[in-house]
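Here are the chains, one letter per residue:
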Amino acid sequence: MDEYQLMIPGPIQLAPEVLCEMGRQIVPHYGREWISFYNETLELLKQIFQTTGDVYIIPGSGSAGLDAAIGSVLGETDKLLVLSNGFFGERMASIGKSYKKNTTVLQTPVTQPFMPSQLADTLDKDREITAVAACHCESSSGLLNPIQDLAAVCQEREVLLILDAVSSLGGINLKMDEWGIGICVSASQKCLEGPPGLGLVAVSKHAWKTIEPKKTPGWYLNLHVWKQFSKDWADWHPYPVTMAVPAVRALRRGIGLILNEGLTKRFNRHKEMSKLLRSKLSELGFLPVFPSAIASPTVIAFNGRPDLSAEEVVLHLEEEHRIKIAYGMGVFEGKAFRIGNMGPQATQDHIICLSHAIEELINKRVRTAKGDNL
Ligand SMILES: Cc1ncc(COP(=O)(O)O)c(C=O)c1O
């Protein structure tokens, strides 16, 4: 399969040095040398999560991380509230319901972020709710939920917040400990500049205090099991399974790039590039689905034009330029297209190249229309 220039909302294309790590010979996933490398990797990841808690790297994907986070921290008497305003909110609701019958779902239209007052009302009306699961960037639409404010509501009521930060961590500022996020889940293949294949779960020290005494089912995706191995086998194999060595090495290179760039500079770059992308495409008549105040800088959705559908844009970029962007999902299917503005994709070169390719389609259409009228 020939290469594309990827501008989808993950996975992203890897930097050459990250890619090189994937081709290196396998080393054992245990032993002194590997453990020192692995533990350093966890420390670097903690800087990105902005936590002093624990980080677990689970071979799998972002959904494996979410499954572990939602499935293994709720005991018999817990009740989960899932905030859903899109496809990935629904996914967390499905995971929640698969473990606990008393999972409840609060929905807003897919065009509206959750308001802190709405969450506060729900929690105040139902005191049985002990945990909330929410999505930071809803990648199906690019809607950004106001996580800092939602976390404050949970913190005031001592309710555990489980956050899906799969398409935001490493691209948007996210202060896990300071904001009071109990469990934060991400994945290797988006703003963290790594290959697909690793789910990442960070658990704050505070969250462990409530989670620790609970007995929960399962083994592979059970955070209690991961914690136990991280203690019992700390000095040679601090996890229960064979670690995905090439993926971890590549991720380590990716997070090295992130930390070398510096978090503040990186978050600003993503913001600046999202502004550029929004303005370039608006000039071409493709309006962003959301105003910037509620839009993620990492996944941006644009409406098709009356004379040029979202689908035509996606197909033109793919067929004529081998640039891959994504279709709209759910209610945006056929109406919008989505662009990933993540890591090495979030550059002026990528955006200019993309907008020229779309402009070419517009010019072609104008020429065809003129030809038709002759
Ligand atoms: C917000 C969000 N949550 C969860 C997932 C699922 O992650 P994965 O496909 O790695 O299992 C994705 C993937 O795109 C996502 O964007």
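Trainee: A description of the sheet that holds strand 13 (residues 326-327) should follow, citing residues and the corresponding values.
Mentor: Read from one edge to the other, the open sheet built from three strands follows the order 11-14-13, with strand pairing classed as antiparallel. The open sheet has two free edges, formed respectively by strand 11 (299-303) and strand 13, since each of these has just one partner strand. Inspection of the sheet shows strand 11 paired to strand 14 (residues 336-340) by five bridges, in the antiparallel sense. Among the inter-strand pairings, asparagine 303 is bridged to a residue of strand 14, identified as alanine 336. Here helix 12 (residues 310-321) sits on the sheet and contacts strand 13 and strand 14; the angle it forms with strand 14, its principal contact strand, is near 45°.

Trainee: Give me the site of the ligand: which residues, what numbers.
Mentor: Looking at the ligand, the residues that line it are Gly10, Ser61, Gly62, Ser63, Phe88, Cys135, Ser139, Asp164, Val166, Ser167 and Ala187. Here the residues of the shell around the ligand are counted per class, giving four nonpolar, six polar and one charged.

Trainee: Can you break down the sheet that holds strand 3 (residues 80-84) residue by residue, with the values?
Mentor: Strand order across the open sheet formed by seven strands is 2-10-9-8-5-3-4, with mixed pairing between neighbours. Two strands close off the open sheet at either side, each with one partner strand: strand 2 (54-59) and strand 4 (104-107). Within this sheet the neighbouring strands show an average axis-to-axis angle of 20°, counted without direction. Its contacts with the sheet place helix 3 (residues 62-71) against strand 2, strand 5 (131-135), strand 8 (160-164), strand 9 (183-187) and strand 10 (198-203), and it is angled at close to 165° to strand 9.

Trainee: Mind laying out the nonpolar core, listing which residues take part and the relevant values?
Mentor: Formed by 107 residues in total, the largest nonpolar core has its most connected members in Ala134, Leu161, Leu163, Ile183, Val185 and Val201. At six residues, the largest contribution of residues to this core is made by helix 10 (residues 245-261). A domain split of this core shows at least three residues from each of domain 1 (5-9 + 263-373) and domain 2 (16-259). Not counting the four nearest positions on each side in its chain, isoleucine 183 is found in contact with Ala69, Val73, Ile162, Leu163, Val201, Ala202, Val203 and Ala207.

Definitions and limits used
Residues numbered from 1 in each chain as written. Predicted model: local features only at pLDDT ≥ 70, side-chain atom pairs only at ≥ 80, totals over all residues. Pairing = 2+ DSSP bridges. Helix = DSSP H or I, 4+ residues; strand = E, 2+ residues; numbered from the N terminus. Contact = placed C-beta atoms within 7 Å. Axes fitted to C-alpha atoms, helices over the stretch in contact; angles between N-to-C directions. Near = placed C-beta within 6 Å. Nonpolar A, V, L, I, M, F, W, Y, C, P; charged D, E, K, R; others polar. Core = buried A, V, L, I, M, F, W, Y, C linked by C-beta atoms within 7 Å. Buried ≥ 20, exposed ≤ 12 C-beta atoms within 10 Å, placed from the backbone. Domains from an automatic or database assignment.

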